[in-house]
Structure formats: C-alpha cells, structure tokens
Amino acid sequence: MSIPVAAENSGGPKQETPAFLGRMRGRLARPLLAGLVVLSLAVGGYWAWNAGMLGGGKHGKQLPEPVAAVHPVAAHRPAAEAGTAVSPGGAIRLGIEQQDAIGLKVAKIESGEAFNVLTAPGRVAPDENRYAFITPRAAGVVRTVTAHIGQDVKAGELLATIDSQVVGEARLQLYSLLQSLDIARTQAGWQQKIHESTVEMLDRIRKQESPETISQAMANRAVGDNRERLMSAYAQYRLALATMSRNKELHSQNLITTKQFETVTAEYEVAQSSYQSLMDQTGFQSQLANTRAQQALRQAEAAVRAAQERLRILGVKSDGTEPNVDRGRVVGIAPAASTAASVEKLPESSPEPEKILPAGTPGVASPSGSHVPHSDRHTEAPVSTYSIWAPFDGTVLDREMIVPGVAVEITHRIFTLADLSSVWIEASIHESDFNMLAVSRGAAVRFHSPAYPGRVFEGKVIYTGDLVEEKSRTVKLLAEASNPDRLLKPGMFVEVEVRSPQDKPAARVPISALLTQGSRTFVFVRTGPEEFTPREVVVDTPQGDLALVLRGLKVGDEVVTSGGSKLKAMAVQLADAGNK
C-alpha cells in the first residue's frame, strides 16, 4: 500500500542513457534499459533510508540527506489532502487524523539514575560459607553409606557410619572414667557430711554438754569413726574430772593421803591431755579428709572432661553416645555443628552404662539405595561405630568411592557438600579498571552466561579485592547471587557487569520506542505537532521497561512509543517513492 506524499515539484528526475546503451539501438535495447532504470531506483531508495534518514555514523552525526523526490500520483494533489510527506532532512509529516489511525503515542524522555558500568570476565563459584569437605574424624572402616552424588540433604541428615578402633577406645575410656567419677563424687559427698557433723560434735563437746545430750543430737548424723573416738575420750575426761573433784574434797578433809590425791590428779591430767589432743587431731583430720575427697572429685571431673573433649574431636557426642536416627535423619543435632554440643555439663549423678553402649537406635542406617523400613533396622551398634551427618542443608556434589568395608583415613574427603541456593561470582578486574573498584563495593552486579542466552542474573558485590595477581595483573572481585532455580553451576563462565550509581541522573528511554535498522538503533522524535524525525541513539542494556541513553537523546525529547514500526514502514515507502 503506497502512502500519498505531498507534491514538491512537477516532474520526476530526468534519466540519461549510458554510453554503451546509446550504441544499441533497436527493439532489444529498450526492455533492458527499462529494467536497469527500475533497479537503480530501488537501490537509491534503500540508500536514502539507511544513510540519509538515519544519518549513520559511529558517533551519531547525521549525513547530508538527498531531497526526496515526489510521488507522481501525489504531484497533482495539494499537500493538505495528501496528509503524509517527507520533509527535507528526513522528517515524516503525519496529520493528526493519521496519527490516531495508526495508534501513534509519544512519551517524554525523563531523567533517572545513571550507572558506571564495569565489565569483566568471571566464573561461578560455590559460596565458601556454605561449602564443606566432609572427612572422617577418626580412621576406620565404612559400615554404612546413605548419601549419593546429587542428593539434597538437610542439616543433621545421616551420610555414613564408620567403625573405628580409636573411637571405641575413647568411648571405653570415658566409661571407665565416668565410673571413677561416680565413686569420687560419692566419697566427696560422704566426707563432706562427716566433716560437717564432726565440726558440730566438737562444738558441743567444747560446750561441756552431757554425753547423753550429744548422742541424742547426733544420732542420725554421719560422723564415722570420729563418733566413737570423741565420745570415748570425752567420757574418760569427764570421769577423770569427777574423780579428781571428789578426791580433792576428801583430801581437804584429810580422808585420803596426799599420795593418793596426787595419783588421782595425775590420772586426770593424762585424761585431759588425751581428750584435748584428740579434739585437735580429729578436727584437722576431718578437714584434711574432706579436702582430699573434694580434690579427688575435681581430678575425676577433669579426666572425664578430657575424655569428652577427645570424643568431640573425633566427631562423637561428648557424652559418648551415638545420636538417634529417625527415618534417616540424626536427631538432636544443631545445624552447622559437628556435634550436638561441645563439652557438656557433667551430670550430678552417675550415668547409666547404656549411655555408652546404647541399646536403642544408635544411628545405624541401611546402605545407599536400599529401602529398609525403620522398624527392621539394626537396633544395636558396636561401641566403635560413629556417625557422619550433614552439617547444613545442601547438595552432595561429590562422593569418594566408599562402600561398606572400605578403609578410610582422616585425610579422605568422602563427601563434598555445598548449599547452592546462593553462589559467588568471581570476576577478574584488570589494572585499567582499578579506579572503579572503590565505588563498586556493595554495588549491584549483573551477569549473563552463554548457557542461557537472553537471561540476565543479578547479585551484589561483597568484596573488591586487595591483592593483584602477578601473572594476569588482575584482582578478584566477589559478588553474591541468589540461585533458587539452581541454574548457576559452579565453574560456569559468565560476563559480569558491575553497576555503581553515578552522582548525576541521565536520560532514560522506554524500550518500546527503540527500533533497529541493521546494526543501528534509532527512535522517532517528535519535532513538531505533525512532524517526526528518525534519530540514531546509543543505549545501555535495558533494565525492565527503560534503557539508559548514552548518546542521541536528552531529557524532554518526545519519542514515539507506539506506532514507530508503522512510521518506519512509511519512511521506507516514501524513500522508495522519492526515488521514482
């Protein structure tokens, strides 16, 4: 469908016949001449559009445009009646009614946030905060394996069980030390009670209470051997004191001789010395025995703590037990922890032996790939068996060739676990871009991969590098990106764009206004109420519905956002018609 164009002259351009055609006169020369003329007009029309109207050039400068020729049909109509025309300079004139007919809409260019863009090659890497090599803490033999490559596991989920002589010896040592601790705790408690009762009895004796009163008061108190020794010495002392008092009165009445009185007095003094010496010695021995018992208790506690710490280092719960397993998941293990707790508080009473040799479900799981019901699993494991579980939610990326019966050492990476819900992007920044690193901290980052054409991912810079690599002369920039769909695989190569905000805003154009012609991008700018001029622009990668204008437009320009493709078609038709 041809678009009428307003007349600008009364005839088309005069055509001249080439020299070699002038010598060919005859019937066969005329059809060939007509074909060449049509072909030259078509090529001229395309050149007029692509070069003249867009004014192409790397720097956006408009080239001189040829004056459009007049369509022969529109040459006999007034310009107002034709309605559409090409103005000198490449602008298209379109009446208001025709603008409404093609649904033409315009919008003003507004300012928005501008960014400094730093581009660099990069690669996807796992988040090192959620990445772990799972190694056995003690050498041994694999008993069961429950995890396989690619399996998603939760924190505390059982991965494998291992039989280890080291773990077995450590558990048995803890069991023996716990028994010694129980004995030491009992002895310390008994000595504490004896000491307290002895101190009270000595206080009553010093107050010269009667033996009957003391016996009644201390009847249900733990005094030990001190009761017999103290009460015997106290009774003999009281008897000697009473005997001396009587003999002293008799001697004053001359009823006994002086020799007899001196003998009774000597016996009293001996009884008094024995009694006082026993009082002092009993108090000291009671205090010493209590101190020794308390010290023995502290030593037993220290030995148990050391044994518990050794088990913790070996990856076993500090009480020596194996964690229970409920449907393949270890119960009672905190996320991101190697054991349920570190050195636990020592129990107030002696633990049962079953705490070391559990009779319940100790955490033995079926081999990988089996589907044994929970009720049919083994209910007891050797004391040497310990469990390896997932320290956090993640995916098993690698598993060493381990099956039941294989010997493993503490240097073997039997599992590689990573949480890929978020990943790191490592970009290599060249020396020429070091000046942009300071403003890139915390900035938004965008990147894309050849694996997903047209897909743009986003992240945030977490580290801008401090060390320059000697060979490549680059620094490492790290960004964190969310990876909910697991599309980003560690090791993938990506192209990274770090976008840091500029101090001044810049023009932004709706992406619906952008049109293309070959490798060029252009828009139609309204330069008058009924006039639209194509203008080449350079824009940044679109963000949503808008794109940052790098060159070609300024704030306040009005661009066509709807109907631009129809204007483009009209421009081509008018350019073709202008060359006829």
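Residues numbered from 1 in each chain as written. Predicted model: local features only at pLDDT ≥ 70, side-chain atom pairs only at ≥ 80, totals over all residues. Heavy atoms only, no water.

Q: Can you break down the pattern of salt bridges residue by residue, with the values?
A: Applying the stated criterion to the full structure yields 14 salt bridges. Put simply, E301 and R185 hold a salt bridge, and the shortest N to O gap is 4.0 Å. Placement of the pair is E301 in helix α8 (residues 258-313) and R185 in helix α5 (residues 165-206), with a sequence separation of 116 residues. What makes R185 buried here is its relative accessible area of 18%. Here D203 and K207 are joined by a salt bridge, their closest N and O atoms 3.4 Å apart. Through salt bridges with shared partners, one network takes in E200, R204, E209 and R221. (Salt bridge = Lys/Arg side-chain N within 4 Å of Asp/Glu carboxyl O. Helix = DSSP H or I, 4+ residues; strand = E, 2+ residues; numbered from the N terminus. Buried < 20%, exposed > 50% of the residue type's maximum accessible area, 1.4 Å probe, protein only.)

Q: Could you give an account of the packing of α5 against α8, naming the residues involved and the relevant values?
A: Running from N to C, α5 and α8 point in directions that differ by 160°, and their axes come no closer than 7 Å. In terms of orientation, α5 lies roughly antiparallel with respect to α8. Handedness of the α5/α8 crossing: left-handed. Tallied by class, residues from the contact of α5 with α8 come to 23 nonpolar, 14 polar and five charged. (Axes fitted to C-alpha atoms, helices over the stretch in contact; angles between N-to-C directions. Parallel < 35°, antiparallel > 145°, perpendicular 65-115°, else oblique. Left-handed = near helix turned anticlockwise from the far one by under 90°. Nonpolar A, V, L, I, M, F, W, Y, C, P; charged D, E, K, R; others polar.)

Q: Help me get a handle on the pairing of strand β7 (residues 140-145), residues and values and all.
A: Pairing geometry for β7 and strand β14 (residues 407-408), over two bridges, is antiparallel. Bridge pairing links V141 to A407 in β14. Of the pairings in the sheet, the one linking β7 to strand β9 (residues 158-163) comprises four bridges and is antiparallel in character. In the strand pairing of β9, V141 is matched with D163. (Pairing = 2+ DSSP bridges.)

Q: So what's going on with the nonpolar core? Which residues, and what values?
A: One recurring pattern in soluble globular proteins is that nonpolar side chains are buried together. Membership of the largest hydrophobic core comes to 35 residues, with the highest contact counts inside it found for I134, L159, Y386, I388, I402, F415 and L417. For this core, the elements supplying multiple residues, two or more each, are β6 (131-134), β7, β9, α5, α8, β12 (385-389) and β15 (415-418). Not counting residues up to four positions away in its chain, the partners in contact with L417 are R130, Y131, A132, I134, V153, A390, P391, F392, G394, T395 and V396. Of all hydrophobic cores here, the second largest spans 25 residues; its members include V124, M436, A481 and M492. (Core = buried A, V, L, I, M, F, W, Y, C linked by side-chain atoms within 4.5 Å. Contact = heavy atoms within 4.5 Å.)

Q: I'd like to hear about helix α7 (residues 225-252), residue by residue, with values.
A: Helical geometry: 3.6 residues make up each α-helical turn, so side chains three or four residues apart lie on a common side. Taking 1.5 Å of rise per residue, 28 residues should cover 40 Å, and α7 covers 41 Å from first to last C-alpha, within 8% of that figure. Among the residues making up α7, those that are buried are N226, L230, M231, A233, Y234, Y237, A240, M244 and N247. Buried residues along α7 sit against α5, α6 (211-217) and α8. Two residues or fewer after α7 comes N254, characterised by a positive phi angle close to 60°. (Expected span 1.5 Å × (residues − 1).)

Q: Describe the side chain of Q99, naming the residues involved and giving the relevant values.
A: Inspection of the secondary structure assignment puts Q99 in helix α4 (residues 96-101). Contact partners of Q99, with chain neighbours within four places excluded, come to L94, L104, P529, E530 and F532.

Q: Explain the sheet that holds β7 to me, using residue names and the numbers behind them.
A: Pairing is antiparallel across the open sheet formed by four strands, whose spatial order is β12-β9-β7-β14. The sheet is open, and its two edges are formed by β12 and β14, each paired on a single side.

Q: Describe unusual backbone geometry, listing the residues and the values that go with them.
A: Even without being a glycine, Q208 presents a positive backbone phi close to 60°. Assignment of secondary structure puts Q208 in the loop between α5 and α6. For Q208, a relative accessible area of 40% puts it in the partly exposed group. One non-glycine residue, N254, lies in the positive phi region at around 60°. Following the sequence through the fold, N254 ends up in the loop between α7 and α8. Residue classification places N254 among the exposed positions, given a relative accessible area of 66%.

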